[in-house]
Amino acid sequence: MGGPAVALVLVLAAGCGRIAFSPVERGHTDGGGADATAIDTRGDGAAIAPDACSGITFVAGPALTAGNNPSALAAGDLDGDGNLDLVVTNYNSTTISVFLGQGGGAFATQVTYDIGNTGASSVAIADLDGDGKLDLAIADTNSGAAIVLLGTGGGAFGAPAVFPAGAAAEGLATGDFDDDGKRDLAVTSFGASQVDILLGTGGGMFAAPVSYPTGANPIGIAEGDIT
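So, how was this worked out
- Residues numbered from 1 in each chain as written.
- Predicted model: local features only at pLDDT ≥ 70, side-chain atom pairs only at ≥ 80, totals over all residues.
- Heavy atoms only, no water.
- Helix = DSSP H or I, 4+ residues; strand = E, 2+ residues; numbered from the N terminus.
- Buried < 20%, exposed > 50% of the residue type's maximum accessible area, 1.4 Å probe, protein only.
- Contact = heavy atoms within 4.5 Å.
- Areas by Shrake-Rupley, 256 points an atom, 1.4 Å probe, with all protein chains shown as cover.
- Salt bridge = Lys/Arg side-chain N within 4 Å of Asp/Glu carboxyl O.
- Phe/Tyr/Trp six-rings, centres within 6.5 Å; stacked < 30°, edge-to-face > 60°.
- Core = buried A, V, L, I, M, F, W, Y, C linked by side-chain atoms within 4.5 Å.
- pLDDT = per-residue confidence, 0-100.
- Pairing = 2+ DSSP bridges.
- Axes fitted to C-alpha atoms, helices over the stretch in contact; angles between N-to-C directions.

*Asks:* I'm lost on the overall build of the protein in this one. Help?
*Replies:* In terms of helices and strands, the protein carries 0 helices and 24 strands. Burial status across the protein gives 42% buried among its 227 residues. Taking the intrachain contacts of the protein between residues at least 6 apart in sequence as the baseline, contacts between residues at least 24 apart amount to 47%. Looking at the protein as shown, the accessible area adds up to about 9800 Å², and 53% of this sits on carbon and sulfur atoms.

Right, dumping it as structure tokens:
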């Protein structure tokens, strides 16, 4: 779609500090302390603003080249080898990037999957079809949809399935909202000022969205039992 690829800056735990910008995903990418992976959207290599303390600090790790305008990141053990892997959405590309972890904070070169639209704005990792393999769910702003890629094993994914949501879908979370043992999706609709609930029907499929009004232009979303 034009424009340069942008690097992810991998930051490995060594002492005290904070991430200077987001999005960011925390996890144990090198088998040691909790690390952080941030997207250098400005391309200037800046990822860390250290705190003045004697606890945890961070040291620069490898830069990983993703697609055009990476917008969100999630981490999970996609291939079941015990190493965290990374998934990155590329907003101005029709692809997402998957980086399989090799241990010690190292990652293989990206494998890209075409999702058919630009505008991917968030991604969640979960077992959506109950087969024991991790799957991906992506909110796509430009198409107003949730896009699901089911895991096929070994950190690979099948063809995308598109499920309509609200206008300008931005954030996405997954959980079992109706307690039927199947994963459901919640998608914020920036354009319609609502959240859309897509109940799982089994096998990685989802019912038509049920919409609930929110405040103006919602972006992020998280699921949890807050009552």
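*Asks:* Looking at this structure, I do not really get the pattern of salt bridges. What am I missing?
*Replies:* Where charged atoms from two side chains of opposite charge approach closely, those side chains can pair. Across all of its chains, the model carries 2 salt bridges by this definition. Here K133 makes a salt bridge to D131, at a shortest N to O gap of 3.9 Å.

*Asks:* Any chance you could explain the packing of aromatic side chains here in plain terms?
*Replies:* We describe a pair of aromatic rings using the distance from one ring centre to the other and the angle between the two ring planes. A full pass over the atoms with the stated rule returns 2 aromatic pairs. Ring geometry for Y113 versus F157: centroids 5.6 Å apart, planes at 90°, classification edge-to-face. Taken together, the residues Y113 in strand β12 (residues 111-114) and F157 in strand β17 (residues 156-157) connect sequence positions 44 residues apart. With respect to class, Y113 is no different from F157; both count as buried. Judged by centre distance (5.3 Å) and plane angle (80°), the rings of F163 and F206 are edge-to-face. Taken together, the positions of F163 in strand β18 (residues 161-164) and F206 in strand β23 (residues 205-206) put the pair 43 residues apart, joining distant regions of the chain. For F206, a relative accessible area of 8% corresponds to the buried category.

*Asks:* Help me understand the nonpolar core, please; the structure alone is not making it clear to me.
*Replies:* Nonpolar side chains in soluble globular proteins tend to end up buried together. Counting 15 residues, the largest nonpolar core has L128, V148, L172, L185, V187 and F206 as the members making the most contacts within it. Mapped by element, the contributors of at least two residues to this core are β13 (120-126), β14 (135-140), β15 (145-149), β19 (169-175) and β20 (184-189). Look past the residues within four positions of F206 in its chain and what remains in contact with it is L128, V148, F163, R183, D184, L185, L198, L199, G200 and T201. Residues I96, V98, Y113 and L149 belong to the second largest nonpolar core, which totals 14 residues.

*Asks:* Any chance you could explain the environment of Q102 here in plain terms?
*Replies:* On the secondary structure map, Q102 appears in strand β10 (residues 101-103). Classification of Q102 by relative accessible area gives exposed; the value is 53%. For the pair formed by Q102 and D85, sequence separation is 17 residues and the distance between their alpha carbons is 8.4 Å.

*Asks:* Whenever I open this one, the confidence of the model for the protein confuses me. Can you help?
*Replies:* One rule of thumb: low pLDDT means the predicted coordinates there are not for detailed reading. Mean pLDDT over the protein: 82, with 74% of residues reaching 70 or higher. Across residues 15-35 the pLDDT falls below 50, and counting only partners more than four positions away or on other chains, this stretch makes 79 contacts in the model. Throughout residues 39-54 the model reports pLDDT below 50, and contacts reaching past four residues in sequence, or to other chains, amount to 39 contacts.

*Asks:* Would you take a moment to explain the sheet that holds β19 for this structure?
*Replies:* Sheet strands pair by backbone hydrogen bonding; their relative direction is either parallel or antiparallel. Sheet architecture is open: 4 strands sit in the order β19-β20-β21-β24, paired in antiparallel fashion. Only two strands of the sheet have a single partner each, and these edge strands are β19 and β24 (210-213). Each neighbouring strand pair of the sheet contributes to a mean axis angle of 25°, computed without reference to strand direction. Of the pairings in the sheet, the one linking β19 to β20 comprises 5 bridges and is antiparallel in character. When the sheet's bridge partners are listed, T174 is paired in β20 with L185.

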